[in-house]
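Results of the structural survey
Spelled out, the chains give:
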Number of protein chains: 2
Amino acid sequence: MTENHLELVKLVNNRLAELQYGQDPKELYEPIRYIMSLGGKRMRPLLVMLAYNLFKDDPEKIIDQAIAVEVFHNFTLVHDDIMDNAPLRRGKATVHEKWNASTAILSGDVMMVKAYDLLLEAPGNLKQIIKDFNEAAAGVCEGQQMDMNFESLPSVSEETYINMIRLKTAVLLGYSLKLGALLAETSQSNADLLYDFGVKIGIGFQLKDDMLDVYGDQEKFGKQVGGDIISNKKTFLLLKALELANEEQHDNLQFWLTKKEFDAQQKVKAVTKIYDQIGIHELTAAKMNEYFDMGFEALEKMEIPQEKRQSLKSFAAYLIDREK
Amino acid sequence: MTENHLELVKLVNNRLAELQYGQDPKELYEPIRYIMSLGGKRMRPLLVMLAYNLFKDDPEKIIDQAIAVEVFHNFTLVHDDIMDNAPLRRGKATVHEKWNASTAILSGDVMMVKAYDLLLEAPGNLKQIIKDFNEAAAGVCEGQQMDMNFESLPSVSEETYINMIRLKTAVLLGYSLKLGALLAETSQSNADLLYDFGVKIGIGFQLKDDMLDVYGDQEKFGKQVGGDIISNKKTFLLLKALELANEEQHDNLQFWLTKKEFDAQQKVKAVTKIYDQIGIHELTAAKMNEYFDMGFEALEKMEIPQEKRQSLKSFAAYLIDREK
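1. A few points about the overall build of chain A
The number of helices and strands found in chain A is 16 helices and 2 strands. Compactness check: chain A gives a C-alpha radius of gyration of 20 Å against a globular reference of 20 Å for 324 residues, within 12% of the reference. For chain A, the spread of C-alpha atoms along the principal axes amounts to about 60 × 50 × 35 Å. For chain A, restricting intrachain contacts to residue pairs at least 6 apart in sequence, the fraction spanning at least 24 positions comes to 73%. For chain A, the exposed surface amounts to about 13,600 Å²; the carbon and sulfur share of it is 47%. Side chains of chain A carry 38 positive and 50 negative charges; the gap between the two charge centres is 2 Å.

2. Examining the relation of the copies chain A and chain B
If you rotate chain A by 180 degrees and push it 0.0 Å along the axis, it lands on chain B with an RMSD of 0.0 Å. Read as a symmetry element, the transformation amounts to a two-fold axis.

3. Description of unusual backbone geometry
Following Asp24 of chain A, the chain continues into Pro25 of chain A via a peptide bond in cis, with omega recorded as 0 degrees. Locating Pro25 of chain A in the fold gives a position in the loop between helix H1 (3–18) and helix H2 (26–36). At Arg42 of chain B, a residue that is not glycine, the phi angle is positive and equals roughly 55 degrees. Here Arg42 of chain B is to be found in the loop between helix H2 (26–37) and helix H3 (43–53). Unlike most non-glycine residues, Arg90 of chain B shows phi in positive territory, near 50 degrees. Turning to its location among the elements, Arg90 of chain B is positioned in the loop between strand E1 (88–89) and strand E2 (92–93). Judged by its relative accessible area of 35%, Arg90 of chain B falls in the partly exposed class.

4. Some words on helix H16 (residues 310–321) of chain A
Residues and elements named next belong to chain A. In this model, H16 (12 residues) spans 16 Å end to end at C-alpha, consistent with the 16 Å of a helix rising 1.5 Å per residue. For H16, the full list of buried residues reads Ser311, Leu312, Phe315, Ala316, Leu319 and Ile320. On its buried side, H16 packs onto H1, helix H3 (43–53), helix H8 (158–183), helix H9 (188–215) and helix H15 (280–300).

5. Thoughts on the packing of helix H15 (residues 280–300) of chain B against helix H16 (residues 310–321) of chain B
All names here are of chain B. Here H15 crosses H16 at 175 degrees, and the two axes come no closer than 11 Å. When the axes of H15 and H16 are compared, the pair comes out roughly antiparallel. Across the interface between the two elements, Met288, Asn289, Phe292, Phe296, Leu299 and Glu300 from H15 touch Leu312, Lys313, Ala316, Leu319 and Ile320 from H16. In the contact of H15 with H16, the residues fall into 8 nonpolar, 1 polar and 2 charged.

6. So, empty space enclosed by the protein
Residues and elements named next belong to chain A. Tallying each qualifying case throughout the model produces 5 cavities of 30 Å³ or more. Its boundaries defined by the atoms lining it, the largest cavity holds a volume of some 80 Å³. In terms of lining, the largest cavity is formed by 13 residues, of which the most central are Asp228, Ile229, Leu238, Val271 and Tyr275. The class makeup of the residues in the lining of the largest cavity is 7 nonpolar, 2 polar and 4 charged.

7. Structural notes on the side chain of Asp147 of chain B
When you line up the elements, Asp147 of chain B lands in helix H7 (residues 126–150). Sequence-distant contacts of Asp147 of chain B, defined by excluding residues within four places in its chain, comprise Met164, Lys168 and Lys233 of chain B.

8. Notes on the state of the cysteines
Applying the stated criterion across every chain yields a total of 0 disulfides over all chains. Looking at Cys141 of chain A, it has no disulfide partner, and the nearest cysteine sulfur is the one in Cys141 of chain B, 15 Å off. Here Cys141 of chain A falls in the buried class, since its relative accessible area comes to 4%.

9. Notes on the confidence of the model for chain A
Residues at a pLDDT of 70 or more form 100% of chain A, whose mean pLDDT is 96. Note on the complex model: pTM 0.96, ipTM 0.95.

10. Points about the packing of aromatic side chains
The tally for this structure, following the rule as stated, stands at 17 aromatic pairs over all chains. A ring pair is formed by Phe133 of chain A and Tyr175 of chain A, whose centres lie 5.6 Å apart and whose planes are at 65 degrees; its orientation type is edge-to-face. Of this pair, Phe133 of chain A sits in helix H7 (residues 126–150) while Tyr175 of chain A is found in helix H8, placing the two residues 42 residues apart along the sequence. Like Phe133 of chain A, the residue Tyr175 of chain A is buried in the burial classification. With centroids separated by 4.9 Å and ring planes inclined at 80 degrees, the aromatic side chains of Tyr116 of chain B and Phe133 of chain B adopt a geometry described as edge-to-face. Here Phe133 of chain B lies in helix H7 and Tyr116 of chain B lies in helix H6 (residues 101–119), a separation of 17 residues in the sequence. Here the two residues Tyr116 of chain B and Phe133 of chain B agree in accessibility, since each one is buried. In textbook terms, an aromatic cluster arises when at least three aromatic residues are bridged by ring pairs, as seen for Phe72, Phe75, Tyr116, Phe133 and Tyr175 of chain A together with Phe72, Phe75, Tyr116, Phe133 and Tyr175 of chain B. Above the face of the Trp99 of chain B ring, Lys98 of chain B is positioned so that its terminal group lies 5.6 Å from the ring centre. Taking NZ or CZ as reference, Lys178 of chain B lies 5.9 Å from the ring centre of Tyr195 of chain B, over its face.

11. Some words on the side chain of Ser176 of chain A
All names here are of chain A. Position of Ser176 among the secondary structure elements: in helix H8. There is a polar contact of 2.7 Å between the side chain of Ser176 and the backbone oxygen of Leu172. Once you skip the residues sitting within four places of it in the chain, Ser176 turns out to touch Arg44, Leu47, Val48 and Val69.

12. Observations regarding the interface of chain A and chain B
The interface is formed by 36 residues belonging to chain A together with 36 residues belonging to chain B. Interface area, chain A with chain B, both sides summed: about 3,200 Å², of which 70% is carbon and sulfur. Close ionic contact of Lys127 of chain A with Glu121 of chain B constitutes a salt bridge, the shortest N to O distance being 3.0 Å. Counting across the chain A and chain B interface gives 10 residue pairs in polar contact (both at pLDDT 80 or more). The set of elements that each furnish at least two residues to the side of chain A that touches chain B consists of H2, helix H4 (63–83), helix H6 (101–119) and H7 of chain A.

13. Some points on a positive patch on the surface
All names here are of chain A. A grouping of Lys41, Arg90, Lys223 and Lys324 is seen on the molecular surface, where their side chains present a positively charged patch. Topologically, Lys41 is positioned in the loop between H2 and H3. For Lys41, a relative accessible area of 31% puts it in the partly exposed group.

14. Observations regarding the environment of Leu172 of chain B
Residue and element names in this part refer to chain B. Position of Leu172 among the secondary structure elements: in helix H8 (residues 158–183). Judged by its relative accessible area of 4%, Leu172 falls in the buried class. Each residue touching Leu172, except ones within four places of it in the same chain, is listed here: Arg44, Val69, Phe72, His73, Ala136 and Val140.

15. As for the packing of helix H12 (residues 236–244) of chain A against helix H13 (residues 247–258) of chain A
Residues and elements named next belong to chain A. With their axes 8 Å apart at the nearest point, H12 and H13 run at an angle of 140 degrees to one another. The orientation of H12 relative to H13 falls into the category oblique. For the pair H12 and H13, the sense of crossing is left-handed. Contact residues: Leu238, Ala241, Leu242 and Leu244 in H12; Gln249, His250, Leu253, Gln254 and Leu257 in H13.

Conventions used here
Residues numbered from 1 in each chain as written. Chains lettered and ligands numbered in written order. Predicted model: local features only at pLDDT ≥ 70, side-chain atom pairs only at ≥ 80, totals over all residues. Heavy atoms only, no water. Helix = DSSP H or I, 4+ residues; strand = E, 2+ residues; numbered from the N terminus. Rg over C-alpha atoms; globule rule 2.2 N^0.38 Å. Contact = heavy atoms within 4.5 Å. Areas by Shrake-Rupley, 256 points an atom, 1.4 Å probe, with all protein chains shown as cover. Lys, Arg positive; Asp, Glu negative; His and termini not counted. Charge placed at Lys NZ, Arg CZ, Asp CG, Glu CD. Least-squares fit on C-alpha atoms with pLDDT ≥ 70 in both. Buried < 20%, exposed > 50% of the residue type's maximum accessible area, 1.4 Å probe, protein only. Expected span 1.5 Å × (residues − 1). Axes fitted to C-alpha atoms, helices over the stretch in contact; angles between N-to-C directions. Parallel < 35°, antiparallel > 145°, perpendicular 65-115°, else oblique. Nonpolar A, V, L, I, M, F, W, Y, C, P; charged D, E, K, R; others polar. 1 Å grid on protein atoms, 1.4 Å probe; cavity = no way out; pocket = protein on both sides within 12 Å on 5 of 7 lines; lining within 4 Å. Points joined across faces, edges and corners; volume = space filled by probe spheres on them. Disulfide = S-S within 2.5 Å. pLDDT = per-residue confidence, 0-100. Phe/Tyr/Trp six-rings, centres within 6.5 Å; stacked < 30°, edge-to-face > 60°. Lys NZ or Arg CZ within 6 Å of the ring centre and 35° of its normal. Polar contact = N/O pair within 3.5 Å; in protein donor to acceptor, adjacent residues only side chain to side chain. Buried area = accessible area lost by both parts, 1.4 Å probe. Salt bridge = Lys/Arg side-chain N within 4 Å of Asp/Glu carboxyl O. Patch = residues over 30% accessible without salt bridge, like charges linked within 9 Å, V, L, I, M, F, W, Y side chains within 5 Å. Left-handed = near helix turned anticlockwise from the far one by under 90°.

Right, dumping it as C-alpha cells:
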C-alpha cells in the first residue's frame, strides 16, 4: 500500500476505536467491539475513501459511511464462522467460540442494523445508497449459500464458481467503490464503472486467495498453507484440476478427496503435486490477471484525469502482489 | 377485530402471497416464503395501516412498508427459534428444523435486508423512517439478549422485566404505529404519541401473553397451556410470585423450579395453585390494564377527530380480550 493508503486506513482504525455501537446489555455489544478490534486489511472502507477521493478532497467527511461497509463485512464473518464451525478468526477465538452461538447470531444481527445506521448521515442520494447496499448485502448471503451448497456437490463448473465468488466477495468490493462515488455525487456512469472495477478486482482478489492457500509462503501467509486442500474446499484450483485431470490424475485426486484418515502434510503434498502436473498455478494466475485486466479496463473508461486513477491502480497492484 | 381490520389484514395477506423475495439459490429464499406463509395475526402491518388511516385514505399505497415490519418480525422469529432450540412455530416445523441452523441464520439475514428494501419506496422522510426502524430493530435484539440473560439469573425485578418486554416486543409495535404516521407525513407530535400508545399496549399485550400461557383456555389457546411453567420461563407471573410469596409458598415454588424430573401436568397444577394463593392472575391483569390505560391516555392527547381514534381503540380492546 502507498503512504496515502496507509493514512486512510489509520483514519478508519482511529474512528473504529471510538465507535461503541451500544452499551446495554453488554453481552450484545462486547462481541461487536471484539470482532471489530481484531484488525484486518480494512480494504472495504479504504476503497470507499479512495473512490470518494477521486472526486473530493475531504474523505474524513464520509468515514462513518466507509465504516458501515466494514461493520457489515464483519457481521458476515461472525455469522459465516458459526456456519463453518470455525474456531479462529484472524488468529483469535471466533465470537461463537468466545461466547456462544446465540450471542454470535444476535450480535451479528445488531451489527447489520448498525451498518445501516452508519449509512444514514451520508451526503448524496440516501435511497440509492441503501438500495445498492441491500443488493450487495443480499448478494453476499446468496454467495455464502452457494458456497455451502457446493460442499455436497461432486464438482462445480468454472462459471458457477466465479458467480459464487462474485456474489460472496466481489459485489461488496464493487459496492464499496460505488458508495464512494455516490457519496461524492459524481455521474452515474462513473459510479457504475467503479462498481465494475470493484467486482472484477474482487474476483481476482478471491482467485489470489485460493492460490495463496496452496502456493503461499508459510512464513508470510499467516494461516496454514494447504488448509483448503485438507478440508476438500471447492476452490478454483480444485475445480480446475477436476476438470483438466487425465484419468490417472483424476483417480489420484479422488483418492485424496475421499480418504477419511490421512496425514495432513502428506495430503497437501500429494494434491499440490497433481496441481503442479496440470499447471493449476499458472492457470489460476492467468485467470486472476484476466479479471484484474478487466477491472483496469473499466477504470480507463472513467471520465477523470489520468493521474487520479493511480491510487486505485496501486491498490489493485498491491492485491495482485500480496503474500497474505 | 372489526370488519375494517379484517379487510386490511386481507390486503396484507394478499400482498404477502405475491412477494417472492428472491429466487436463486432456492435454499436461501424458500425458507423465507415458508415462514411468511405460516400466518399469524399480522398485527404489525395492521398497526402501520391503522395509524396511516388516521390521516390518509389510501392504505394500499403503503402496503410494502407495512409488510417490511412483518418481514423484520418474522426474521426475529427465525433467529429466536434457533437460539431457543424451538421445534415448532405456529404449529409447524421451525426453519432450522425443516432445513438446518445455517440456512435459518442466512435466510434470516436476507429477510432483514428485504425488510429494509421494502421500506425504500416509502413516501415521507426516508432517513427518519430508517433511523427509527434501526432503533426499534436494535431494541428487539437487546430485549432478546436480556431475555436470554434472565435464564441464568435467580430472579429479576419487575422494572427489569418490563424493560425487557418493552424492548423485545413493545418497541416494534410502537414503531409500526409511528411508521404509519411518518408515511402519512403527519406532525412529529402525533407520530410520537402513536409510538407511545404502541409501546404501552405492547407491554400490555406481552403481559396478556404471559397470563394466557397459564390461565388460557386450552381449547382456544393453540399452544400448550402451562408451557412457561414447565420450562421455568421467567414471566411476569413467576417473578411476581417469587417476589410476593410467603416462606412456605417460596419453598414450594423453589421445589418445583429446581426439580429435574417431574410430571408436567402435576408441576403446572402445583405452580398454578401457588399463583392462585398469591393472587397472581389479578395482579397481572391489573398491571396489564395499567399499561393499556397509559396507551389510551397517549391516544387521547392526539390532535385528531375523536371518532378516528375508534379503530385503534377497538384493536386494543381485541388485544385485551383475546383468548389466544
